[in-house]
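Structural overview for review
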Amino acid sequence: MAKSTIENSKIVSRDEWLAARKKLLAKEKQLTRERDAVSAERRQLPWVKVEKNYIFDSPVGKKTLADLFDGRSQLIIYHFMFGPEWNEGCPSCSFNMDHTDGALVHLAQRDVSFAAVSRASFSKIEAFKKRMGWRFNWVSSYETDFNYDFRTSFTEDEMAKGKVEYNFDLVEFPSAEAPGISVFYKDETGTIFHTYSAYARGTENVVNTYNYLDLVPKGRDEDDLPFTMSWVRHHDRYANGYLADADKPYWPAGSVPAR
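First things first, this report covers the structure right here in the doc.

Thresholds applied
- Residues numbered from 1 in each chain as written.
- Predicted model: local features only at pLDDT ≥ 70, side-chain atom pairs only at ≥ 80, totals over all residues.
- Heavy atoms only, no water.
- Disulfide = S-S within 2.5 Å.
- Buried < 20%, exposed > 50% of the residue type's maximum accessible area, 1.4 Å probe, protein only.
- Phe/Tyr/Trp six-rings, centres within 6.5 Å; stacked < 30°, edge-to-face > 60°.
- Helix = DSSP H or I, 4+ residues; strand = E, 2+ residues; numbered from the N terminus.
- Core = buried A, V, L, I, M, F, W, Y, C linked by side-chain atoms within 4.5 Å.
- Contact = heavy atoms within 4.5 Å.
- Arc of directions from axis to C-beta.

Structural notes on the state of the cysteines
Summed over all chains, the structure comprises zero disulfides. Not engaged in a disulfide, the cysteine cysteine 90 finds its nearest cysteine sulfur in cysteine 93; these two sulfurs lie 4.3 Å apart. The buried category is assigned to cysteine 90, whose relative accessible area is 0%.

Written as structure tokens, this is what we have:
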């Protein structure tokens with residue numbers, strides 16, 4: 001990603017600015033058309049029938065994957081990095097989820113349900129969810145293979161090999177938990193199909209803060225950081241809207257996301 005040009009920005013007349021803006025607009029329109037084409041291709045991916053009967057812990061007891069559809073035919077799962085031994089969820093996943101609650105009512109109008117899934121115990125999930133003030137459905141997969149099957153959790157044996165299967169490749173990864181999004185469809189017979197998954201930077205399209213930052217002169221301003229998103233904190237750990245204790249990372253050990 002290009003570095004910020006704020007220190008050496010060219011100052012021009014309004015007419016020169018308008019000419020440059022129109023030139024960029026042509027590229028933006030092309031990008032929009034390409035994005036629409038990729039989205040259409042995404043919808044044409046083949047499906048895989050889900051054979052396992054996954055059971056999750058929820059606020060109202062045990063729920064199946066079918067239950068998470070909540071009467072709709074489409075389900076988006078966010079794989080939230082929150083390991084069984086952790087005391088709080090990953091900051092980057094929390095940053096992502098801060099953009100979610102407002103979308104829920106609109107997703108429901110388009111036959112889409114949403115749920116987050118983590119391997120942490122349900123009691124830990126509920127405590128952290130209350131702290132963050134979130135409303136979205138969030139369940140625990142601790143007693144299932146769900147996260148392992150959809151490649152967002154890794155066993156001790158996998159980690160010991162040095163590389164794990166993540167983002168459709170064998171890669172080194174610093175944590176036994178990883179972020180991702182998976183999409184499912186349930187037909188009229190109740191059969192469930194896995195239709196799509198995205199990992200790493202493939203999940204950032206739903207982070208609207210980044211979409212806004214891409215509009216401003218400094219951009220995301222992450223080039224000189226130890227790693228992208230190292231500035232991100234749980235939203236209750238910013239001071240007066242600014243970064244508190246910037247030299248003291250709040251990231252759980254080994255939870256730095258692959259970008």
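Description of the packing of aromatic side chains
With the rule as written, the count across this model stands at 26 aromatic pairs. Consider the rings of phenylalanine 146 and phenylalanine 150, whose centres lie 4.9 Å apart with planes at 45°: the pair is tilted. Look at phenylalanine 146 and you get buried, because its relative accessible area is 0%. With relative accessibility at 8%, the residue phenylalanine 150 sits in the buried group. Here phenylalanine 154 and phenylalanine 173 contribute two aromatic rings whose centre-to-centre distance is 5.8 Å and whose plane-to-plane angle is 65°, an arrangement assigned as edge-to-face. Of this pair, phenylalanine 154 sits in the loop between helix 5 (146–149) and helix 6 (156–160) while phenylalanine 173 sits in the loop between strand 8 (169–171) and strand 9 (180–186), and the two are 19 residues apart along the sequence.

Things to note about the nonpolar core
Core analysis: the largest hydrophobic core is formed by 18 residues, its most contacted members being Phe80, Phe82, Trp134 and Trp138. Contributing elements (two or more residues each) for this core: helix 2 (91–97), strand 5 (112–118) and helix 4 (122–132). Considering each element in turn, this core owes the most residues, three residues, to helix 4. Beyond its immediate chain neighbours, meaning those up to four positions away, phenylalanine 80 contacts Gly89, Cys90, Cys93, Ser94, Met97, Val117, Ser118, Phe128, Trp134 and Trp138. Formed by 15 residues, the second largest nonpolar core is a distinct cluster that contains Phe56, Leu68, Ile77 and Phe184.

Remarks on helix 4
Burial in helix 4 covers these residues: Phe122, Ile125, Phe128, Lys129 and Met132. Projected onto a plane normal to the axis of helix 4, the buried residues spread over an arc of 130° and lie on a single side. Turned more than 90 degrees away from the buried face of helix 4, the exposed residues are Ser123 and Lys130. Those residues of helix 4 that are buried lie in contact with strand 2 (55–58), helix 2, strand 5 and strand 6 (138–140). Where helix 4 ends, the next residue or the one after it, glycine 133, has phi of about 75°, a positive value.

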